[in-house]
Amino acid sequence: AQDFTITPIGSPNPDRHLSTAGYSLTSGEGFFADYSIIPAENGRIEPFTLSLDFALSALPEHGVKGSILSVNDGQGSPFFQLQVNDSSELEASFRTADSTLITLNSGFKIEPSEEITKVSLSVFPSDNSTEIIWFKNGFQKKSETTDINYTGLNANAVTIVGGQDSFTGSIYKLTVFY
């Protein structure tokens, strides 16, 4: 078995919504994990579904993207990011083999609310393309196939939940299935 470490960034505060516990984050707060939560083999991402239950407290400032999750390579460059943009749309960015960052919009908005929003992002890479499927509160909202094959995730990758330029809100559940 391999040991992994998760450490807080700043001072995330415990939060509760009805019977669900989580953490409240503001910009600069979150968690650091010394591993990638995105599965990869030989630098190429494998199929996965990221499931997130969260509540957004405030929109990012104009021109800023509120980071929810980032998987960075050993040099600190983002390979995968999940964020809320300043128009309150959820989006995911992937870095390609030539270091281009491709951003895919979910097609829906996440408004500041006291209610928990349940979001899932399913990623199905194949030899020449990748299918991305977005769900919000159990309903499929968007499906698209890109002709890009996402490679370059190295063994030294790390995961940051929140952190610098993070979204302002609470995370109640974060799960990656693969």
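Structural data are supplied above this passage.
Only a predicted model underlies this, so the values are computations on that prediction, with no experimental measurement involved.

Enquirer: Just give me the short version of the sheet that holds strand E8 (residues 66–72), but keep the residues and values in it.
Expert: Ordered by their spatial adjacency, 7 strands build an open sheet running E1-E4-E15-E8-E9-E10-E11, and the pairing between neighbours is antiparallel. Since the sheet does not close on itself, it has two edges, and those belong to strand E1 (6–9) and strand E11 (101–109), each with one partner. The average angle at which neighbouring strand axes cross in this sheet is 15°, direction not considered. Inspection of the sheet shows strand E4 (residues 30–33) paired to strand E15 (residues 158–162) by 4 bridges, in the antiparallel sense. By the bridge assignment for E15, Gly30 is matched with Gly162.

Enquirer: Account for the environment of Phe177, with residues named and values stated.
Expert: Along the chain, the position of Phe177 falls in strand E16 (residues 168–177). On the basis of relative accessibility, which here comes to 49%, the residue Phe177 falls in the partly exposed class. Once the C-alpha coordinates of Phe177 and Ser122 are considered, the two residues, 55 residues apart in sequence, prove to be 9.1 Å apart. When near neighbours in sequence (up to four residues on either side) are disregarded, Phe177 contacts Pro47, Phe48, Thr49 and Ser51.

Criteria and thresholds
- Residues numbered from 1 in each chain as written.
- Predicted model: local features only at pLDDT ≥ 70, side-chain atom pairs only at ≥ 80, totals over all residues.
- Heavy atoms only, no water.
- Pairing = 2+ DSSP bridges.
- Helix = DSSP H or I, 4+ residues; strand = E, 2+ residues; numbered from the N terminus.
- Axes fitted to C-alpha atoms, helices over the stretch in contact; angles between N-to-C directions.
- Buried < 20%, exposed > 50% of the residue type's maximum accessible area, 1.4 Å probe, protein only.
- Contact = heavy atoms within 4.5 Å.

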